[in-house]
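Structural description and commentary
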Amino acid sequence: MNPLEQHIQRINEKVQQLLKQYRASQKEAEKLRKELSDIKGLQLERTKQMDELEQKVAILKTATNNLNEADKKDLEKRLNQYIREIDRCIAMLSE
């Protein structure tokens, strides 16, 4: 084999090696994308659970009358928001 053919063969081997590395990288990237998606879903689920638990704590505090002034004001604010929303719904139904 002449030097030019050897050089071309080495280049071809390197290209094949790079293609293998590229395919492996693509597989790894896809695996990581799926893992990230799963983790984001899990994080969203945990956030919802945390919100539900915070609401339960607020309900328990209200039920046991262990509210400090800030909690009472926060509860009153939320109740007023709910009442306004209910009033809005009633108004829309009345039309």
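For the structure, check the block above.
Residues numbered from 1 in each chain as written. Predicted model: local features only at pLDDT ≥ 70, side-chain atom pairs only at ≥ 80, totals over all residues. Heavy atoms only, no water.

1. Looking at the overall build of the chain
Our working definition: Think of it this way: any DSSP run of H or I at least four residues long counts as a helix, any run of E at least two long counts as a strand, and we number them from the N terminus. Each radius of gyration is computed over the set of C-alpha atoms, and the globule rule expresses the reference value as 2.2 Å times the number of residues to the power 0.38. Type-normalised accessible area, obtained with a 1.4 Å probe on protein chains alone, sets the label of each residue: buried when under 20%, exposed when over 50%, and partly exposed for intermediate values. Note on areas: Shrake-Rupley with a 1.4 Å probe; residue coverage comes only from the protein chains shown.
Tallying secondary structure elements over the chain gives two helices and zero strands in all. Whereas a compact globule of 95 residues would reach a radius of gyration of roughly 12 Å, the chain reaches 31 Å, over 25% beyond that. Residue burial in the chain is summarised as follows: out of 95 residues, 2% are buried. Of the accessible surface of the chain, which amounts to about 9,100 Å², a share of 58% is contributed by carbon and sulfur atoms.

2. Let's talk about the environment of Ile39
Relative to the assigned elements, Ile39 resides in helix 1 (residues 3–64). Among the residues examined, Ile39 registers a relative accessible area of 48% and is labelled partly exposed. In this structure, the C-alpha to C-alpha distance between Ile39 and Glu85, residues 46 residues apart in sequence, is 35 Å.

3. A short note on the pattern of salt bridges
Pairing is possible between side chains of opposite charge, provided their charged atoms come close. Worth spelling out the cut-off: Within this document, salt bridges are pairs made up of a side-chain nitrogen of Lys or Arg and a carboxyl oxygen of Asp or Glu, the two lying within 4 Å of each other.
All told, the structure shown has five salt bridges when counted by the stated rule. Between Asp74 and Arg78 there is a salt bridge, and its shortest N-O distance comes to 3.0 Å. In this pair, Asp74 and Arg78 both sit in helix 2 (residues 69–94), four residues apart, roughly one turn of the helix. For Asp74, a relative accessible area of 35% puts it in the partly exposed group.

4. Focus on helix 1
Note the cut-off: What a helix is expected to span follows from its residue count: subtract one and scale by 1.5 Å. Any pair of nitrogen or oxygen atoms within 3.5 Å is treated as a polar contact; in protein, a donor-acceptor pairing is required on top of that, and neighbouring residues in sequence qualify only through side-chain atoms on both sides.
In this model helix 1 runs 89 Å from its N-terminal to its C-terminal C-alpha over 62 residues, within 8% of the 92 Å that 1.5 Å per residue would give. At the N-terminal end of helix 1, a side-chain oxygen is found 3.0 Å from the backbone nitrogen of Leu4, two or three residues along, and the residue is Asn2. Of the residues one or two after helix 1, Asn65 is the one with positive phi, at around 60 degrees.

5. Regarding the environment of Gln6
When you line up the elements, Gln6 lands in helix 1. The class of Gln6 is partly exposed, set by a relative accessible area of 37%. When the C-alpha positions of Gln6 and Arg23 are compared, they lie 26 Å apart, and in sequence the two are 17 residues distant.

6. A few points about a nonpolar patch on the surface
For clarity, the cut-off: A residue counts toward a patch only above 30% relative accessible area and without a salt bridge, and it is joined to like-charged neighbours within 9 Å or, for Val, Leu, Ile, Met, Phe, Trp and Tyr, to nonpolar neighbours within 5 Å.
Residues Leu79, Tyr82, Ile83, Ile86 and Ile90 make up a contiguous nonpolar surface patch of roughly 490 Å² in combined accessible area. Relative to the helices and strands, Ile86 is located in helix 2.

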